[in-house]
Amino acid sequence: QAAGGGGRAASRACGVHNVCRLLSRRAHGFYARDAGVAHRKNLGLLRKIMCQESTKFKNVWTTHSASPIAYERGRIYMDNYQCCISSIAQEPRILYQKSKCAKSEKIEDALLLECPLGEMLPSPSDYKASLIVLTVQNWLLRLSADSGEVLEKVYLAGSCCKFFRYLSWDTPQEVMIVKSAQNKLPAAARQAGIQQTVLFYLAVFQVLPLSFIGMLEINKKIFGNSVTDVAVSNGILIVMYSMGLVRLYNFKAILEQFMEQPFHLGQEFNWNGQVGVVGKYPFGLPCNIKITDTPPLLFEASSLENAFQIGGYPWHYIITPNKKKHKGVFHICSLKDNALAKNGIQDMKCCSLEPDWIYFHPDMSGRIIHVGPNLIKVLKLKEVKNHADQMEIAEDFTIVANRENCVNNTVTVTASGRVVKKRFTLLDDDPEQETFKIVDYEDELDLLSTVAVTQIGADGRAHLDFHCNEHGILLKSIPLKESWDVTYSHEVYFDKDLVLHIEQKPNRRFSCYVYQMVCDTAKDDD
């Protein structure tokens, strides 16, 4: 009977078609044989273990390099991606080490490519993580993330463009954009009166399997003379202008409307008098998307330094009014009608060398994170009472820097009894006061992480704190052992049971510090 009852319950569960009910039942563990349930339970256990007082993070490995150091999903890349080190083992170990490459093979940019779930792929190698890299000579390579072996290679630049430099996602792990550097004529050509109308080239690829969608140019004749940069994200073409204007266009509609002829990698072609093979040297890729007329405009806004973000629910955007006196002032407006939300002007009134920053929370909750030198505000959108069509910005929670021991005396007395009066007050981000430098979100453990730094003299001390993402409660604090100089560039990655700190010092000197979670037992102390 119990077995029969379980079978009937499973049958009823399978018959549930309401999305909200399905999600609720899954959260309560009704589908115990679902692999995702076990994974979520394991991550919940890891979070509890990590936040225990007895759990410590130990500096297990340190290295220094004369070239940049990058981190991607448990892998540390050095020597321009020629050396790959796994950070998952008890002590980091080398996965592969290639011989030093020539300057002509230097890697300009890279993206980690991971296997999509539930899809049949043409090659066994497609099911393992790989690295897409872009070389200075315009080769796009797909490398095995574990061995560095070249799995695929595509030559990008034909006669149209010689300077592809940037990789980015349109749709993460699905559609990739390869962007050129801005085309600029030599000084002699400009003096001769030669006009350069093409500013950028964009090559669009579907990944896994890697396939060519098309290449297009961003032309002054179509988008205007003052274009400074372009980007593609989530099916939107974002065009930025020198006067702070930002314009949005439907990128998918552009591809469909202006595609002259589709091409496939490895296909022989005869295009504009050129005969060759798509993606092979020396022809590269054809520019098969020709925008002949200005596409329909979806949206435009003017913002200081082109700073523009979209997020929240319902959709809102964040800008800074396009005047220098408004730097550090953020307006949160409805995307539907440009209406400013109630309490939608956020201004911390910071007196600091480094400005505060604001962005939509990456946890897809629609909340907003506003970070100042000594204060982190997590904000939320909610309906105004009795006005369902109007939204207001409300405070969800705040995180405050520990400045209890900071005393900013304007009058001090020396040992000899002489009274000294200060003629200035400390900045909000003065190094001698605890100041927030980094705020990040660990999605698998649902933790908000912050790095706060205090520097006295030449010695700076930093600690990484974990906060409950829902309420902001401090759960764990990890002191970083190495000195932290606030004048250097820093990156801190928190990836499940791993903390990694990358530091860039003057004269291109780089350091990497790896911390791993350990149980603080008496044996370990000995």
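Here the structure is a predicted model, which is why all the values come from computation and not from measurement.

Quick notes on the environment of S226
In step 1: Assignment of secondary structure puts S226 in the loop between α5 (220-223) and β14 (227-233).
In step 2: Sequence separation between S226 and L245 is 19 residues, and the spatial gap between their C-alpha atoms is 9.6 Å.
In step 3: What S226 contacts, discounting residues up to four positions off in sequence, is M240, Y241, S242 and M243.

Some words on the sheet that holds strand β2 (residues 70-72)
In step 1: Here four strands make up an open sheet; going across it, the order is β2-β3-β4-β5 and the pairing antiparallel. Each having just a single partner strand, β2 and β5 (93-97) make up the two edges of the open sheet. The sheet shows a mean angle of 25° between the axes of neighbouring strands, direction not considered.
In step 2: For β2 and strand β3 (residues 75-78), the ladder comprises three bridges, and the chain directions are antiparallel. Within β3, the residue paired with E72 across the bridge is R75.

Description of the nonpolar core
In step 1: L140, L156, F164, M176, V178, F205 and L285 are the most contacted members of the largest nonpolar core, which totals 30 residues.
In step 2: Elements represented by at least two residues in this core include exactly β6 (107-113), β7 (130-135), β9 (150-155), β10 (164-171), β11 (175-180), β12 (198-206), β13 (211-219) and β17 (268-271).
In step 3: The element that contributes the greatest number of residues to this core is β12, accounting for four residues.
In step 4: Not counting residues up to four positions away in its chain, the partners in contact with L140 are I132, V133, E152, K153, V154, L156, L167, M176, V178 and F205.
In step 5: In this structure, V204, I222, I254 and F258 belong to the second largest nonpolar core, which totals 24 residues.

Section: helix α6 (residues 251-258)
In step 1: Every buried residue belonging to α6 is among F251, I254, L255 and F258, and all of these are buried. The buried side chains of α6 occupy one side of the element, clustering within an arc of 100° when seen end-on. Within α6, the exposed residues directed more than 90 degrees away from the buried face are K252, E256 and Q257.
In step 2: Between a side-chain oxygen at the N-terminus of α6 and the backbone nitrogen of K252 the separation is 3.1 Å; the capping residue is N250.

Looking at the sheet that holds strand β36 (residues 509-519)
In step 1: Taken together, four strands build an open sheet; the order of strands is β1-β36-β35-β34 and the sheet is antiparallel. Looking at strand neighbours, the two that pair on one side only are β1 (55-65) and β34 (489-495), the edges of this open sheet. Within the sheet, the average angular offset between the axes of one strand and its neighbour, ignoring direction, is 15°.
In step 2: For strand β35 (residues 498-505) and β36, the ladder comprises eight bridges, and the chain directions are antiparallel. The residue bridging K505 from the neighbouring strand is R509, located in β36.

Structural notes on the pairing of β7
In step 1: A large share of β7 lies buried, amounting to six of its six residues.
In step 2: Bridging between β6 and β7 involves six bridges; their strand directions are antiparallel. Across the sheet, residue L112 finds its bridge partner in β7, namely L131.
In step 3: What sits between the antiparallel neighbours β7 and strand β8 (residues 139-144) is a turn of three residues, in which N138 has the positive phi angle 70°.

Topic: the UniProt feature "transmembrane region" (unreviewed entry) in the chain
In step 1: In this structure's numbering, the residues bearing the UniProt feature "transmembrane region" (unreviewed entry) are residues 198-218 and 230-249.
In step 2: Annotation note: span residues 198-218, helix share 0%, strand share 81%, distance between end C-alpha atoms 6 Å.
In step 3: The distance separating the terminal C-alpha atoms of residues 230-249 is 11 Å; by composition the span is 0% helix and 75% strand.

Topic: the pairing of β17
In step 1: Side chains F269 and W271 project from β17 onto a buried face, and the interleaved E268 and N270 project onto a face without burial.
In step 2: Direction of pairing for β17 relative to strand β18 (residues 274-277): antiparallel, over a ladder of four bridges. Following the sheet pairing, W271 is matched in β18 by Q274.
In step 3: Linking β17 back to β18 in an antiparallel pair, the connection comprises two residues, with N272 at a positive phi of about 50°.

What to know about the pattern of salt bridges
In step 1: By the definition in use, this model includes 16 salt bridges.
In step 2: The shortest N-O distance in the salt bridge between R247 and E300 comes to 2.9 Å. You can see R247 sitting in strand β16 (residues 245-250) and its partner E300 sitting in strand β19 (residues 297-302), a full 53 residues away along the chain.
In step 3: Across the pair R461 and D459 runs a salt bridge, and its minimum N-O distance is 3.4 Å.
In step 4: You can call R461 partly exposed: its relative accessible area is 39%.
In step 5: Taken together, the shared-partner salt bridges connect D363, R367, K380 and D396 into one network.

With respect to unusual backbone geometry
In step 1: Residue L208 is joined to P209 through a cis peptide bond whose omega torsion reads -5°.
In step 2: Tracing the backbone shows P209 in the loop between β12 and β13.
In step 3: Going from Y313 to P314, the amide bond is cis rather than trans, its omega being -5°.
In step 4: The residue P314 is located in the loop between β20 (308-311) and β21 (316-319) in this model.
In step 5: Its identity is not glycine, yet D79 carries a phi of approximately 55°, on the positive side.
In step 6: In this fold, D79 is placed in the loop between β3 and β4 (83-86).
In step 7: Judged by relative accessible area, D79 falls into the partly exposed class, the value being 36%.
In step 8: One non-glycine residue with positive phi stands out, namely Q173, at about 65°.
In step 9: Relative to the assigned elements, Q173 resides in the loop between β10 and β11.
In step 10: Classification of Q173 as partly exposed rests on a relative accessible area of 25%.

Thresholds, definitions, all that
- Residues numbered from 1 in each chain as written.
- Predicted model: local features only at pLDDT ≥ 70, side-chain atom pairs only at ≥ 80, totals over all residues.
- Heavy atoms only, no water.
- Helix = DSSP H or I, 4+ residues; strand = E, 2+ residues; numbered from the N terminus.
- Contact = heavy atoms within 4.5 Å.
- Pairing = 2+ DSSP bridges.
- Axes fitted to C-alpha atoms, helices over the stretch in contact; angles between N-to-C directions.
- Core = buried A, V, L, I, M, F, W, Y, C linked by side-chain atoms within 4.5 Å.
- Buried < 20%, exposed > 50% of the residue type's maximum accessible area, 1.4 Å probe, protein only.
- Arc of directions from axis to C-beta.
- Polar contact = N/O pair within 3.5 Å; in protein donor to acceptor, adjacent residues only side chain to side chain.
- UniProt positions renumbered as here; feature names shortened; annotations may be inferred.
- Salt bridge = Lys/Arg side-chain N within 4 Å of Asp/Glu carboxyl O.

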